[in-house]
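# Architecture and fold: a report
What follows is each chain in one-letter form.
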Amino acid sequence: MSVRLAHGIGDAPRDAPVDAVVALGANLGDRAETLHAAIAALRALPLTTAVRVSASLETVAVTLHGEDEDAPRYLNAVALVTTRLAPRPLLRELHRIEAEHGRVRRERWGDRTLDLDLIAYSDERIDDDDLTVPHPRAHEREFVLAPWVDVDPDADLPGRGRVQDLLDGLRGGER
């Protein structure tokens, strides 16, 4: 298969691989199996050479109204994806993987079988209607920062600083 065909229509593939940060979460169904299958799908992406994954973290659901102790708990992880896919084709692939796992977009921040968020794409900054990287709320989310530090202790969130420092700030300075 040609590189252009594998990449799809739109933004050209990168000449050199970059690291992208993908947050994974699930709070419906067999959460662990869903994350395992999603990670396998990430590893099978075209133009992708490596996927490193954090340990899983169970967290309370966050809704539009804050934390919801009564909602099913999330299982979260972070994957570092080394890829030549440009940001938008990568995001399309993430949405395709979500759909293959029964993701239905009915309610913002609602329960879901699988959620894949593009948190960062190298050190690029994109602020468009269809894509914002770095993710605008990543610095506020322990369920993103903690697994990210697990897989990459020296990580930086572009425009925000060291991920470990952001995580420490959320935890009140505690490690």
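Remember, predicted model here, so these are calculated numbers, not experimental data. (Residues numbered from 1 in each chain as written. Predicted model: local features only at pLDDT ≥ 70, side-chain atom pairs only at ≥ 80, totals over all residues. Heavy atoms only, no water.)

### A look at the overall build of the chain
Quick reminder of the rule: For helices the rule is a DSSP run of H or I covering at least 4 residues; for strands it is a run of E covering at least 2, with both sets numbered from the N terminus onward. Any pair of residues with heavy atoms lying within 4.5 Å of one another is described as a contacting pair. The Shrake-Rupley method, run with a 1.4 Å probe sphere, supplies the accessible areas, and residue values consider only the shown protein chains as cover.
A count of helices and strands for the chain gives 5 helices and 11 strands. For the chain, the proportion of contacts with a sequence separation of at least 24, taken over those separated by at least 6, is 67%. Only carbon and sulfur atoms are counted for the fraction: they give 47% of the accessible area of the chain, which is about 9200 Å².

### Topic: the pattern of salt bridges
This is how the line gets drawn: The term salt bridge refers to a side-chain nitrogen of Lys or Arg lying within 4 Å of a carboxyl oxygen of Asp or Glu. Relative accessibility under 20% of the residue-type maximum defines a buried residue, over 50% an exposed one, and the middle range a partly exposed one, all with a 1.4 Å probe and only protein chains included.
All told, the structure shown has 12 salt bridges when counted by the stated rule. Here Asp130 makes a salt bridge to Arg88, at a shortest N to O gap of 3.0 Å. With Asp130 in the loop between strand S8 (126–127) and strand S9 (132–133) and Arg88 in helix H3 (residues 87–100), the pair connects residues that are 42 residues apart, well separated along the chain. Between Asp165 and Arg162 there is a salt bridge, with the nearest N and O atoms lying 3.0 Å from each other. What makes Asp165 partly exposed here is its relative accessible area of 42%. Salt bridges sharing common partners tie together Asp11, Arg88, Asp128 and Asp130.

### Re the pairing of strand S1 (residues 18–26)
Applied cut-off: Strands are treated as partners if at least two bridges between them are detected by DSSP.
Buried residues dominate S1, accounting for 8 of its 9 residues. As paired strands, S1 and strand S6 (residues 74–83) are joined by 9 bridges and run antiparallel to one another. By the bridge assignment, Asp19 is partnered in S6 with Thr82. Looking at chain direction, S1 and strand S7 (residues 115–121) are connected through 6 bridges and run antiparallel. Residue pairing across strands places Gly25 opposite Asp115, the latter belonging to S7.

### Details of the pairing of S6
Of all 10 residues making up S6, 9 are buried, and the element is well covered by its neighbours. In this sheet, S6 lies alongside strand S2 (residues 48–53) in antiparallel orientation, the contact comprising 5 bridges. By the bridge assignment for S6, Val53 is matched with Ala79.

### With respect to helix H5 (residues 163–170)
Every buried residue of H5 is accounted for by Val163, Gln164, Leu166, Leu167 and Asp168. Packing partners of the buried residues in H5 comprise helix H4 (142–151), strand S10 (156–157) and strand S11 (161–162). Looking one or two residues beyond H5, the residue adopting positive phi is Gly172, at roughly 75°.

### A short note on the packing of H4 against H5
What counts is decided by this rule: Think of each axis as a best-fit line through the C-alpha atoms, taken over the contacting stretch in the case of a helix, with angles from 0 to 180 degrees between the N-to-C directions. Note on angle classes: values under 35 degrees are labelled roughly parallel, values over 145 roughly antiparallel, values of 65 to 115 roughly perpendicular, and the remainder oblique. The handedness criterion is simple: a crossing whose near helix is rotated anticlockwise from the far helix by less than a right angle is left-handed, and one whose near helix is rotated clockwise is right-handed. Each residue gets one of three labels, nonpolar for Ala, Val, Leu, Ile, Met, Phe, Trp, Tyr, Cys and Pro, charged for Asp, Glu, Lys and Arg, and polar for the others, Gly among them.
Across the interface, H4 lies against H5 with an axial gap of 9 Å and an inter-helix angle of 135°. Classified by the angle between their axes, H4 and H5 sit oblique to one another. The crossing of H4 and H5 is left-handed. Between H4, through Glu142, Leu145, Ala146, Trp148 and Val149, and H5, the contact on the second element is made entirely by Val163, Gln164, Leu166, Leu167 and Leu170. Its residues placed into classes, the contact of H4 with H5 shows 8 nonpolar, 1 polar and 1 charged.

### Some remarks on the environment of Asp68
Tracing the sequence through the fold places Asp68 in strand S5 (residues 66–68). On the basis of relative accessible area, Asp68 is assigned to the partly exposed category, the value being 27%. If we skip the residues at most four places from it in the chain, Asp68 touches Val60, Ala61 and Thr63.

### Focus: the nonpolar core
Keep this limit in mind: Here, nonpolar core means buried Ala, Val, Leu, Ile, Met, Phe, Trp, Tyr and Cys residues that are tied together by side-chain atoms lying within 4.5 Å of each other.
Grouped together as the largest cluster of nonpolar side chains are 29 residues, with contacts concentrated most on Leu24, Leu42, Leu90, Leu94, Ile97, Leu116 and Leu118. The set of elements that each furnish at least two residues to this core consists of S1, helix H2 (31–43), S6, H3 and S7. Sequence-distant contacts of Ile97, that is, excluding residues within four places in its chain, are made with Ala38, Ala41, Leu42, Leu45, Leu114 and Leu116. With 18 residues, the next largest nonpolar core counts Val144, Leu145, Trp148 and Leu157 among its residues.

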